[in-house]
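Below are the chains, spelled out letter by letter.
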Amino acid sequence: MLQTFLRSKQSLTHHLPSRPFGFFVAQDYNPDFKSCLESQHLIKSDKDYRFAVVGCGPAGFYCAKQILKNVANVRVDIFDRNPHPFGLVRTGVAPDHPEMKKIEKDYEEVLKDTERCQFYGNVWIGANGGVSISKLKELYSGVILAYGATSERDLGLPSEKSLLGILSSRQMASWYNGSLDKDVLYDQDLALEQVKNVVIVGNGNVAMDISRVLMKDPEKMAPHDIPTPVLEHLRKTRINSISLVGRRGAVQSAFTIKEIREISRIPDLTMYALKQELLDSFTEASEREQHPDFSVHARGIQRRTEFIKQTSVILENEEQVREVVERKEGRKFILRYLNKPVELLGEQRVKGVKFERMRLEGSAGDQRAVAVEPKQVTTMDCELLIKSIGYKSQPIEGITFNTKTHTVPNLMGCVLNDKDEPQPGLYVAGWLKRGPSGIIDATLRDSVETFRIIKHHLDNEMLPEKHTKPEDVQKAILENAANHQVVDYGDWQKIDAVERQEGSSRGKSREKILHKEEMLSISKKV
Ligand code: NAP
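Residues numbered from 1 in each chain as written. Predicted model: local features only at pLDDT ≥ 70, side-chain atom pairs only at ≥ 80, totals over all residues. Heavy atoms only, no water.

Along the chain, I314 turns up in strand β10 (residues 313–315). Judged by its relative accessible area of 32%, I314 falls in the partly exposed class. Measuring from C-alpha to C-alpha, the distance between I314 and Y272 comes to 5.8 Å, with 42 residues separating the pair along the chain. If sequence neighbours within four positions are ignored, I314 has contacts with A273, K275, L278, K309 and Q320. (Helix = DSSP H or I, 4+ residues; strand = E, 2+ residues; numbered from the N terminus. Buried < 20%, exposed > 50% of the residue type's maximum accessible area, 1.4 Å probe, protein only. Contact = heavy atoms within 4.5 Å.)

Quick look at the structure:
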């Protein structure tokens, strides 16, 4: 069977993006994939199949959509711990990017097919009072894990967890997107009115989203779905500077040109970069990384580097950086490179970060940051430190988990057991499968790959027929928690209507409900 898997792997790999720089740009999108998706021929079997999808974000939706579209006698149940659907499209995509959120309409089409698809919101899958994976395996022909990344990577520095004013990018995005997760201590930790200078470690697109939301005029976001309490907090804010710090060089910046352009257009904002850090970024290997022959990303990378060089005011030394940070007028966005955080300063609340100077080592596409000798240390003052160094998935009971990559080991989407053997009937998609990187198109691509393995198993009759009914699923949920309130699609429509109505009365697209209990009480109403 492994041989058959590997053969199909060869036929698929040319569609998969290479990731030499850890991010995908929009141009990566390969339209062949859409046609491949359209051309899946119907799996005509007179058997009944049932699939469970764990996680109602983009990966879960794309898997559900493909199964419903291509399998004749099938029902798909989508479970989510939240009472609302849409995963990171609702709680991750920045509120000032409403065009990205339009994709929810596409996902909604899946949920509307209530004859064949059920949404089970507010249902926990896994240990600690949830429905177990073994129970799902009893009920379904196949289980697809698509619950994403609900945690974050740490810097691994002393007092990272104890000092106030240190938040992860996940917590920041959860806050300004009105997530129901209550792990941001708004008053103490965020306290934006006390914050003049922000340091962000990591320079990916999430860091850019956060910088934009903190720096742009809140009134520009007011018509969208940003929660009113967040908007009010931002209105009281006057952030003077954001230093965006990468451990590697300018060529390895993880943000895309579109995002840096958008930041640079914020009125009253000036972008800065340090001369020596830019010079040290351009190693021979970095020059090579920008050569069109090197990779499909090279031109985009080169355009981005040019943009950084041309748009930034170049500072000569640390003293000039300090002068800029202390200057009262205008907002400053300072691109820092080749700096790795080594110590957090402050007693109760963070007041600065010590960075050690790095240099690049290694060949093109594989350059690492190593400390310069003798050591050079820089301190950046801040009242808010944001760790934007990537999200992290959590393991689920009964499924092998790679604790280094924080992903579920899989072969093209089929989960592997601890002996590396594929487990037909158990699948994975999205960030839990490939790690926390890539835009929604990349998730579409890898969900197509996961579906192709499912199709392969269906074509070869490797999955059991199931006749599970909604009552059986309800029973399994209630076995773990009596009186548990499940939120179905009809209930979500009620919540959605209240949010839209409240939004419209305030001149916004939506006013998000911030408390789970309130959502549950709306969904109960007849
Ligand atoms: P990311 O793009 O992977 O960026 C992570 C950053 O953290 C990199 O600069 C990385 O540096 C740095 N980093 C990692 N570990 C570190 C450490 N221990 N110390 C210092 N720096 C460290 O992650 P992300 O920003 O969370 O974004 C996740 C994905 O979502 C990305 O693919 C992103 O493009 C996508 N996204 C897209 C949009 C959009 O299109 N508008 C918006 C949001 C998110 P190295 O490169 O040196 O590892």
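Read on, since the account is not over.
A separate point is the site of the ligand. Residues in close proximity to the ligand total 19 residues, the closest being N203, N205, R247, R248 and G438. Alone, the ligand offers 930 Å² of accessible surface; in the complex the protein occludes 83% of this. When residues of the shell around the ligand are assigned to their parent elements, the largest contribution, 3 residues, is made by helix α10 (residues 205–215). By residue class, the composition of the shell around the ligand is 7 nonpolar, 8 polar and 4 charged. A domain-level breakdown of the shell around the ligand finds at least three residues from each of domain 1 (44–150 + 393–487) and domain 2 (153–390). (Near = heavy atom within 4 Å. Areas by Shrake-Rupley, 256 points an atom, 1.4 Å probe, with all protein chains shown as cover. Nonpolar A, V, L, I, M, F, W, Y, C, P; charged D, E, K, R; others polar. Domains from an automatic or database assignment.)

Every buried residue of helix α17 (residues 318–326) is listed here: V321, V324 and V325. The buried residues of α17 occupy one face: seen down the axis, they fall within an arc of 95 degrees. In α17, the exposed positions angled more than 90 degrees off the buried face are occupied by E319 and E326. Residues of α17 that are buried in the fold lie against β7 (197–201), β8 (241–245), β9 (269–274), β10 and β11 (331–336). (Arc of directions from axis to C-beta.)

This paragraph deals with the pattern of salt bridges. Taken as a whole, this structure holds 42 salt bridges when the rule is applied. Residue E306 pairs with K309 through a salt bridge whose shortest N-O separation is 3.4 Å. Separated by 3 residues within a single helix, E306 and K309 lie in helix α16 (residues 298–311), roughly one turn from each other. Overall, K309 belongs to the partly exposed group, its relative accessible area being 36%. Here E361 ties to R368 by a salt bridge, and the two come within 3.0 Å at their closest N and O atoms. Exposure remark for E361: the relative accessible area of 31% places this residue in the partly exposed category. Among the residues examined, R368 registers a relative accessible area of 46% and is labelled partly exposed. (Salt bridge = Lys/Arg side-chain N within 4 Å of Asp/Glu carboxyl O.)

Here we take up the domain arrangement of the protein. Along its sequence, the protein is carved into domain 1 (44–150 + 393–487), domain 2 (153–390) and domain 3 (489–526). Using C-alpha coordinates to define each centre, domain 1 is positioned 34 Å away from domain 2. Facing the 16 residues of domain 1 at the interface are 20 residues of domain 2. Interface of domain 1 and domain 2: buried area, both sides summed, is about 1400 Å²; carbon and sulfur atoms make up 51% of it. Together, P95, D96 and H97 form the three largest contributors to the area buried by domain 1 at its contact with domain 2, with a combined 40%. (Buried area = accessible area lost by both parts, 1.4 Å probe.)

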